[in-house]
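# Secondary and tertiary structure notes
Chain by chain, the residues:
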Amino acid sequence: MLKLDIFLSALANGLMTGAVYALISLGLTLVYGVLHIINFAHGATLTAAMFAVLIAHTVFGLDPYLAVFFLTPLFFALGYGVQRFVINPASHGSDSNILLVTLGLSIIIENALLAGFRSDTRSIDVPYGFSVVEVGNLFLSVPKLVAFVASFVVALLLWLLLARTDTGKAIRAVAKEKTGAALSGINVDHIYAVTFGLGAACLAIAACLLMPTFLVNPRIGNAFVLVAFTIVVLGGMGSIAGALVGGLIIGVVESLSGLYFGESLGQIGIFLIFILVLLFRPTGLFGAKA
Amino acid sequence: MSRQPYLPIALVVAGLALLPLGLTSNTVLNFLAFAMIITLAAQGWNILGGYGGQFSFGHAVFFGTGAYAMALLQVRFGINPWLALPLAMALGAGVGFAIGYLSFRARLRGSYFALVTLAFAEVFRISANAWGFTGGAAGVLVPLRIGAEHMQFADKRLAYWLALAFVAATLALTLALSRSRFGAHLVAVRENEEAARALGVDALAVKLKAITLSGAITASAGCLYTQKFLYLDANLAYGPWISVEALLAPIIGGLGTVFGPLVGAVVLLGLGEVTKTTFANLTGGAIPGVDLVVFGVLLILCVAYAPRGVLGLAEGWLGRLKGTRP
């Protein structure tokens, strides 16, 4: 009975972490689906967002769940600006250049944070950080539960935005056929930047949800970014449903393999899934043709 | 120029070989030897990425394999370093072939190829960190045994000249490659793989040859690194720093050129040193990461304004001076 309880609590933990992974992957998959590029600065942007939450809490005394309302628009604006005024002009429209420019950005962000904050690991103290609710025999962490629910709400909002609004329509049009979209009067550069901004905004929300239970240091983004790439590849590049399901799967795999094989080998499991999916099913579980 | 294609290489190498005669400071010699090691790693990247157009984000996998093989062959099997070196390079070539076979057969290219190489490097890093045979997180220490027969030199100039000899060999090899049929095929695959294939180029074979050669050369950089520092751990050997430097040097120097990696490595490391000391003097203490911030800015600037790197810029200026714009 005890064994089953441990298994179930690992499963529940995996699902809750997986939902945040899914949220992180949403931004990546959205940018891929529309711009057809991989944003290498995604992990570093998440780190920056986590530090922003840290600063908001330590300097301004702002609770992470309140900071989300300031940081989300801020990171949307940052993402918009960086794509429109740095990535787009610097890459001259070539995919391999975009890859290199976003790599350059990630090096800059990560090391600027390292220079500013040193490599110390920090965390924030919130009164609800360790509170739990009892469900049956399981004790679920409240902040993780909040993150789980919020991730699904954000995914739903993002889906509504894409499905129901004019901007969403324009984003989908550009994703399908950018020349055609441009001919029908859509400002493609603007839509690209909006998409990038949405990706960064997702990261800001994820950072606010993560900080009550996670630690932050300048290299933390690396831990998340390959996980996010794995989820995106597993779920199918550009697929929102795929990112959600992929995120949950990876969260559970990580938690269970951590339980049975120990921490460091659990990490390898994720990379091996990543390599195997890339080699044998690069379209992922939900992806259409690559 | 066309009569004596190897003359510029001979001149540059001779110039570099004479440097330690004038400069005897240990700092300068260490800097030069390290620059040669980075040049080697970058030259390996350049063959696959510059000539072949396949951007790897995980060349640490080859560097680390070379470095670990060099150390472990000596420490665990008692093999002489002069024999361990070719063995380690062969292992690097083998890893290159294996990764190339898996990923090129699966038709991975562009960002997918970059991602899969990054993931391979991470798998190797985590494994080396966890496995007892590689020394785990504590790393491996190669015992200090000064003497040419142990490839450990009391005179720092000798270590530098050895690294320079490797650089000279790879410069000549790269030039020979760029003038060969294989080199032409490789460039054709970079420019347009479908068109190259339609003309009868076996793209898979060409890319496999390139990544195998690339793996061997970058592994040799790892070997020299081991002999220079006599200590390794997973983050030094398989860490992202070397993947980034192996990629930055050719891009900053001049992608797909013979001298690009050399110029890029010297510019990069020189600028890194200047930045570090300037900031340390300004703030009264070393600041980690500032040099890498400069590297990142430089990468973006190069992509935006100097797609042919420093060498491309220099060519442009020379052309303008002569009044004939290229």
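Residues numbered from 1 in each chain as written. Chains lettered and ligands numbered in written order. Predicted model: local features only at pLDDT ≥ 70, side-chain atom pairs only at ≥ 80, totals over all residues.

### Here's the deal with the overall build of chain B
Selection rule: In this description a helix means any DSSP run of H or I spanning at least four residues, a strand means any run of E spanning at least two, and both kinds are numbered starting from the N terminus. To assign burial, the other C-beta atoms lying within 10 Å of each residue's own C-beta are counted, with C-beta atoms placed from the backbone; 20 or more indicates buried, 12 or fewer indicates exposed, and intermediate counts indicate partly exposed. Once C-beta atoms have been placed from the backbone, residue pairs whose C-beta atoms lie within 7 Å are recorded as contacts.
Regarding its fold elements, chain B presents 14 helices and two strands. On the principal axes, the C-alpha backbone points of chain B span a range of 55 × 45 × 40 Å. Split into buried and exposed, the 326 residues of chain B put 50% on the buried side. For chain B, long-range pairs separated by at least 24 residues make up 75% of all intrachain contacts whose partners lie at least 6 apart in sequence.

### A word on the overall build of chain A
Stated precisely, the cut-off is as follows: C-alpha atoms define the radius of gyration, and 2.2 Å times the number of residues to the power 0.38 defines the globule rule.
Each helix and strand in chain A was counted, giving eleven helices and two strands. Element order for chain A, N to C, with α for helix and β for strand: α-α-α-α-β-β-α-α-α-α-α-α-α. Relative to a compact globule of 290 residues, whose C-alpha radius of gyration would be 19 Å, chain A shows 19 Å and is just as compact. Each principal axis of the C-alpha distribution contributes one length, and for chain A these read about 65 × 45 × 35 Å. A buried classification covers 51% of the 290 residues belonging to chain A. Long-range pairs, those at least 24 residues apart, make up 77% of the contacts in chain A with a sequence separation of at least 6.

### A short note on the packing of helix H2 (residues 42-58) of chain A against helix H3 (residues 64-91) of chain A
A packed helix pair is summarised by two numbers, namely the angle formed by the two axes and the spacing between the axes. Residue and element names in this part refer to chain A. What counts, and what does not: Between N-to-C directions, angles cover 0 to 180 degrees, with each direction set by a line fitted to C-alpha atoms, over the stretch in contact for helices. Roughly parallel here means an angle under 35 degrees, roughly antiparallel means over 145, roughly perpendicular means 65 to 115, and every remaining angle is called oblique. Note: crossing handedness is left-handed where the near helix turns anticlockwise from the far helix by less than a right angle, and right-handed where it turns clockwise. For this scheme, ten residues count as nonpolar: Ala, Val, Leu, Ile, Met, Phe, Trp, Tyr, Cys and Pro. Four count as charged, namely Asp, Glu, Lys and Arg, and the remainder, Gly too, count as polar.
Axis separation between H2 and H3 bottoms out at 10 Å; the angle between their running directions is 130°. Our classification of the angle between H2 and H3 gives oblique. The handedness of the crossing between H2 and H3 comes out as right-handed. Of the residues in H3, those in contact with Ala49, Ala52, Val53, Ala56 and His57 of H2 are Pro64, Ala67, Leu71 and Phe75. Considering only residue class, the contact of H2 with H3 consists of eight nonpolar, one polar and no charged.

### Overview of helix H5 (residues 111-130) of chain B
Stated formally: Multiplying one less than the number of residues by 1.5 Å gives the expected span of a helix.
The terminal C-alpha atoms of H5 of chain B, which comprises 20 residues, lie 29 Å apart, in line with the 28 Å expected from a rise of 1.5 Å per residue. With 16 of its 20 residues buried, H5 of chain B lies for the most part within the structure.

### Quick word on the interface of chain B and chain A
Facing the 33 residues of chain B at the interface are 35 residues of chain A. Elements that contribute at least two residues to the side of chain B that touches chain A include exactly helix H4 (81-105), H5, helix H11 (240-253) and helix H13 (290-305) of chain B. Ranked by residue count, the leading element in the side of chain B that touches chain A is H5 of chain B, at twelve residues. Residues of the side of chain B that touches chain A, tallied by class, amount to 26 nonpolar, six polar and one charged.

### A word on the nonpolar core
All names here are of chain A. Threshold: Buried Ala, Val, Leu, Ile, Met, Phe, Trp, Tyr and Cys residues form a nonpolar core when they are connected through C-beta atoms within 7 Å.
Core analysis: the largest hydrophobic core is formed by 203 residues, its most contacted members being Ala49, Ala206 and Ala207. Broken down by element, the residue count for this core peaks at 17 residues, all from helix H8 (residues 188-210). Discounting chain neighbours no more than four positions away, the residues touching Ala49 are Leu71, Phe75, Leu203, Ala204 and Ala207.

### A look at the confidence of the model for chain B
All names here are of chain B. To keep it simple, the criterion reads: By definition, pLDDT measures how confident the predictor is in each residue, and it falls between 0 and 100.
The pLDDT averaged across chain B works out to 89; a share of 98% of its residues lies at or above 70. Highest mean pLDDT in chain B belongs to helix H9 (residues 203-229) (95); lowest belongs to helix H14 (residues 309-321) (85). Across the interface, the model reports ipTM at 0.86; the global pTM reads 0.88.

### Regarding the pairing of strand S2 (residues 138-141) of chain A
Along any regular strand the residues' side chains alternate between the sheet's two faces. Residues and elements named next belong to chain A. Our working definition: Between any two strands, pairing holds if DSSP finds at least two bridges.
Where strand S1 (residues 132-135) lies against S2, four bridges are found, and the strand directions are antiparallel. Following the sheet pairing, Val132 is matched in S2 by Ser141. What sits between the antiparallel neighbours S1 and S2 is a turn of two residues, in which Gly136 has the positive phi angle 60°.

### Quick look at the environment of Leu158 of chain B
Residues and elements named next belong to chain B. Its place among the elements puts Leu158 in helix H6 (residues 156-178). Residue classification places Leu158 among the partly exposed positions, given that 15 C-beta atoms sit within 10 Å. The spatial distance from the C-alpha of Leu158 to the C-alpha of Leu48 is 30 Å, given a sequence separation of 110 residues.

### Regarding unusual backbone geometry
All names here are of chain B. Phi at Met151 takes a positive value of approximately 55°, unusual for a residue other than glycine. Of note, Met151 is situated in the loop between strand S1 (140-141) and H6. In this model, Leu230 sits at a positive phi of 55°, which is unusual for a non-glycine residue. Relative to the helices and strands, Leu230 resides in the loop between H9 and strand S2 (231-232).

### Comments concerning the packing of helix H7 (residues 181-191) of chain B against H9 of chain B
Residue and element names in this part refer to chain B. Relative orientation of the contacting elements H7 and H9 amounts to 110°, with a least axis distance of 10 Å. Overall, the two elements H7 and H9 adopt an arrangement that is roughly perpendicular. Judged by residue contacts, Phe182, His185, Leu186 and Val189 of H7 engage Ala203, Val206, Lys207, Lys209 and Ala210 from H9. Classifying every residue of the contact of H7 with H9 gives six nonpolar, one polar and two charged.

### A closer look at the environment of Ile240 of chain A
Residues and elements named next belong to chain A. Mapped onto the secondary structure, Ile240 falls in helix H10 (residues 240-261). In this structure, the C-alpha to C-alpha distance between Ile240 and Thr47, residues 193 residues apart in sequence, is 22 Å. The residues touching Ile240, leaving out its near neighbours within four places in the chain, are Leu26, Thr29, Ala155, Leu158 and Trp159.

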